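# Architecture at a glance
Here is how the chains run, residue by residue.
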Amino acid sequence: LRKQFVGEKELVVIQESERGIGGRAYDAAFELVKYFEKISSEEMKNMSCLELGAGTGFCGLALGMLGAKKVVMTDMSNHLTLMEKNIEYNKANLLLERMFVEPLHWQNKEEITNVMKKHGPFDLIFGSDIIYYPELYPLLVGALEELWKNHNKCTLILSFRFRGIENYEFWQMTREKGMDFEMLGNDPDPDMGIFICKKQKKSTKYQIIKQV
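Notes on the structure follow. The residue numbering used here restarts from 1 in each chain and proceeds along that chain's sequence as written. For a predicted model such as this one, the threshold for reporting local features is a pLDDT of at least 70, and the threshold for listing and counting side-chain atom pairs is 80 or more; totals across whole chains, interfaces and linings nevertheless cover every residue. Remark: hydrogens and water are excluded; side-chain values derive from all non-hydrogen atoms of the structure.

## Here we look at the overall build of the protein chain
What counts as a helix is a DSSP run of H or I of at least four residues, what counts as a strand is a run of E of at least two, and both are numbered from the N terminus. A count of helices and strands for the protein chain gives 7 helices and 10 strands. Note on method: radius of gyration uses C-alpha positions; expected globular size equals 2.2 Å times residues raised to 0.38. Relative to a compact globule of 212 residues, whose C-alpha radius of gyration would be 17 Å, the protein chain shows 16 Å and is just as compact. Over its C-alpha atoms, taken along the principal directions, the protein chain stretches across nearly 40 × 35 × 35 Å. Categorising residues by exposure relies on relative accessible area from a 1.4 Å probe, with only protein chains included: less than 20% of the type maximum marks a residue as buried, more than 50% marks it as exposed, and the intermediate range marks it as partly exposed. By residue count, 49% of the 212 residues in the protein chain fall in the buried class. For the protein chain, the exposed area adds up to about 10500 Å²; of that, 49% sits on carbon and sulfur atoms. Within the protein chain, one finds 28 positive and 30 negative side-chain charges whose respective centroids are separated by 7 Å. The method behind every accessible area is Shrake-Rupley, applied with a 1.4 Å probe, and residues are considered shielded solely by the protein chains displayed. Positive charges are assigned to Lys and Arg, negative charges to Asp and Glu, while His and the chain termini are left out of the count. The atom standing in for a charge is NZ when the residue is Lys, CZ when it is Arg, CG when it is Asp and CD when it is Glu.

## Points about the state of the cysteines
Each disulfide consists of a covalent bond between the sulfur atoms of two cysteine residues. Cysteine sulfur atoms are paired as a disulfide whenever they fall within 2.5 Å. Tallying each qualifying case throughout the model produces 0 disulfides. Looking at the unpaired C49, the closest cysteine sulfur is the one in C154, lying at 9.4 Å. Between C154, a free cysteine, and C197, which holds the nearest cysteine sulfur, the sulfur-to-sulfur gap is 8.6 Å.

## Concerning helix 4 (residues 80-89)
Three or more residues of helix 4 are buried, namely L80, L82, M83, N86 and I87. Looking down the long axis of helix 4, one finds its buried residues gathered within 160° of arc, a one-sided arrangement. Where the residues of helix 4 are buried, they touch strand 2 (9-13), helix 3 (58-65), strand 4 (70-75) and strand 5 (99-103). By arc we mean the arc of the directions from the helix axis to the C-beta atoms, nothing more. Here, two residues are considered to be in contact whenever any of their heavy atoms come within 4.5 Å of each other.

## Let's talk about the pattern of salt bridges
Every case where a carboxyl oxygen of Asp or Glu lies within 4 Å of a side-chain nitrogen of Lys or Arg is listed as a salt bridge. As enumerated under the stated definition, the model contains 12 salt bridges in all. Residue E31 is joined to K34 by a salt bridge in which the shortest nitrogen-to-oxygen separation is 3.3 Å. Of this pair, E31 and K34 both sit in helix 1 (residues 27-36), 3 residues apart, which is roughly one turn of that helix. Of the charged contacts, one joins E102 and K118 as a salt bridge, the two residues approaching to 2.8 Å between their closest N and O atoms. Here E102, found in strand 5, pairs with K118, found in helix 5 (residues 109-119); they are 16 residues apart in sequence, far enough to count as distant.

## Digging into the nonpolar core
We define a nonpolar core as any set of buried Ala, Val, Leu, Ile, Met, Phe, Trp, Tyr and Cys residues linked to one another through side-chain atoms lying within 4.5 Å. In this structure, Y35, F36, L63, M73, F126 and I157 are the most contacted members of the largest nonpolar core, which totals 36 residues. If you look at the next biggest cluster of nonpolar residues, it comprises 29 residues, including M116, L140, V141 and L158.

## Quick notes on the environment of K45
Tracing the backbone shows K45 in the loop between helix 2 (41-44) and strand 3 (48-52). On the accessibility criterion, K45 (43% relative accessible area) is partly exposed. The contacts of K45, once residues within four sequence positions are left out, are G67 and K69. Within 3.5 Å is the distance limit for a polar contact, defined as a pair of N or O atoms, with the added protein rule that one can donate a hydrogen and the other accept it, and that residues adjacent in sequence qualify only through two side-chain atoms. A distance of 3.3 Å separates a polar atom in the side chain of K45 from a polar atom in the side chain of E42.

## Side note on the packing of aromatic side chains
The rule is short: rings of Phe, Tyr and Trp, with Trp giving its six-membered ring, pair when the centres are within 6.5 Å, and they are stacked under 30 degrees, edge-to-face over 60, tilted in between. If you walk through the whole model with that rule in mind, you get 11 aromatic pairs. Aromatic side chains F160 and F195 sit 5.6 Å apart centroid to centroid with 50° between the ring planes, which places their arrangement in the tilted category. Taken together, the residues F160 in strand 7 (residues 154-161) and F195 in strand 9 (residues 192-199) connect sequence positions 35 residues apart. The exposure class of F160 is buried, given its relative accessible area of 4%. Residue F195 is classed as buried on the basis of its relative accessible area of 13%. An aromatic cluster is defined as three or more aromatic residues linked by ring pairs; in this entry it consists of Y137, F160, F170, W171, F181 and F195. The side chain of K70 reaches across the aromatic face of F100, ending 5.4 Å from its centre. Consider the ring centre and the ring normal. A charge sits over the ring if Lys NZ or Arg CZ is within 6 Å of that centre and within 35 degrees of that normal.

Here you go:
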């Protein structure tokens, strides 16, 4: 189990290492939750959120505890039961009618379309430590682009731990697709970062948020 207080509520997630990297909650998820806690309750209650590569569902569950209007946690089909277990484990601190689990393979446009039609649009699309395997960068960027183009207004947030110079290839790929990220604040861990860009309504430009 891995635990963290979210406000005054304790979030506990079951981890299953046999599922691979998606079966654990990582430090980047903890840092992202700390960022979410800075969002005002007034803003949070109006936010519809989509998590990519949710794994254990740690960040999505935290948003649920913080009062988000809707939280849709997605991952490959073999990870969905772990998220469902963790929703059940934390149900005393959640409004279950606001929590959803859906399959979303990054290369599967049908699944992306299904999530958008069923639950969209979203105010926040995010992921934690999903910039992991360089060979998956094109698929992730493709999924982000597909989701991004279906929104007039949306915030995109990614937290991750720097693992090598190949990580820069990901940011180059997103810039080429019109998604230009800026690192938030100054994390005490030089290898950890939260990156954000914001798409404004009726505009093709992206407002970059530089500070929290």
